[in-house]
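Per-entry structural report
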Amino acid sequence: MLEGAAAVPKVQADLGAVGLNYNLGPDQLQNLYGAVTYIGQHAGQQKAGDILAGSAQVADLTKQAGFTPEQAAAMLAAVSQHSGQTPETSAADSTRVLGKGGASTFPALPQT
């Protein structure tokens, strides 16, 4: 796990990866980072960068399944908190669940 300034390029890359999958603009990326920071603070003091690393791994699948990036981050944080695993490990586990049978087998969640 990277700490401090060493983590910044990784966090930026992960945030960018989520943003590309969801077609987010700069303001939306800033809002997403704030939301992920909030989620991390309320899910066992997880770091936003760790949650974003997991979110970047599953962004394509979660988007296809109809999750917002914030919903996907909250899901990973909750899985991580309850399993005791890192968000990245939880993302790998979630990929196996979300990707079972291919993402096209998911009915999209209704958008409000």
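Residues numbered from 1 in each chain as written. Predicted model: local features only at pLDDT ≥ 70, side-chain atom pairs only at ≥ 80, totals over all residues. Heavy atoms only, no water.

Here's the deal with the pattern of salt bridges
A full pass over the atoms with the stated rule returns one salt bridge. Ionic pairing is found between Asp14 and Lys10, a salt bridge with its closest N-O pair at 2.9 Å. Highlighted residues: Asp14 and Lys10, both in helix 1 (residues 8–22), separated by four residues, approximately one helical turn. (Salt bridge = Lys/Arg side-chain N within 4 Å of Asp/Glu carboxyl O. Helix = DSSP H or I, 4+ residues; strand = E, 2+ residues; numbered from the N terminus.)

Some words on the side chain of Gln46
Locating Gln46 in the fold gives a position in the loop between helix 2 (26–41) and helix 3 (48–64). Residue classification places Gln46 among the buried residues on the basis of a relative accessible area of 15%. Within the structure, Gln46 has its side chain in polar contact with the backbone oxygen of Ala77 (distance 3.0 Å). (Buried < 20%, exposed > 50% of the residue type's maximum accessible area, 1.4 Å probe, protein only. Polar contact = N/O pair within 3.5 Å; in protein donor to acceptor, adjacent residues only side chain to side chain.)

Re the environment of Leu32
Its location among the elements puts Leu32 in helix 2. For Leu32, a relative accessible area of 1% corresponds to the buried category. Separated by 38 residues in the primary sequence, Leu32 and Glu70 have C-alpha atoms spaced 6.7 Å apart. Ignoring any residue separated from it by four or fewer positions in sequence, one finds Leu32 in contact with Leu15, Val18, Leu24, Pro69 and Glu70. (Contact = heavy atoms within 4.5 Å.)

Some details on the nonpolar core
Generally speaking, nonpolar side chains in soluble globular proteins are found buried as a group. One finds Val18, Val36 and Ile51 to be the most contacted residues of the largest nonpolar core, which totals 16 residues. Of all the secondary-structure elements, those providing two or more residues to this core are helix 1, helix 2, helix 3 and helix 4 (69–83). Setting aside its immediate chain neighbours within four residues, Val36 contacts Ala48, Ile51, Leu52 and Ala73. (Core = buried A, V, L, I, M, F, W, Y, C linked by side-chain atoms within 4.5 Å.)

A look at helix 2
Its 16 residues give helix 2 an end-to-end C-alpha distance of 23 Å, which sits within 8% of 22 Å, the value for a rise of 1.5 Å per residue. Every buried residue of helix 2 is accounted for by Leu32, Val36, Ile39 and Gly40. Projected down its long axis, helix 2 shows its buried positions confined to an angular sector of 95 degrees, all on one face. Residues of helix 2 that are exposed and point more than 90 degrees away from the buried face comprise Pro26, Asp27, Gln30, Asn31 and Tyr38. On its buried face, helix 2 is in contact with helix 1, helix 3 and helix 4. (Expected span 1.5 Å × (residues − 1). Arc of directions from axis to C-beta.)

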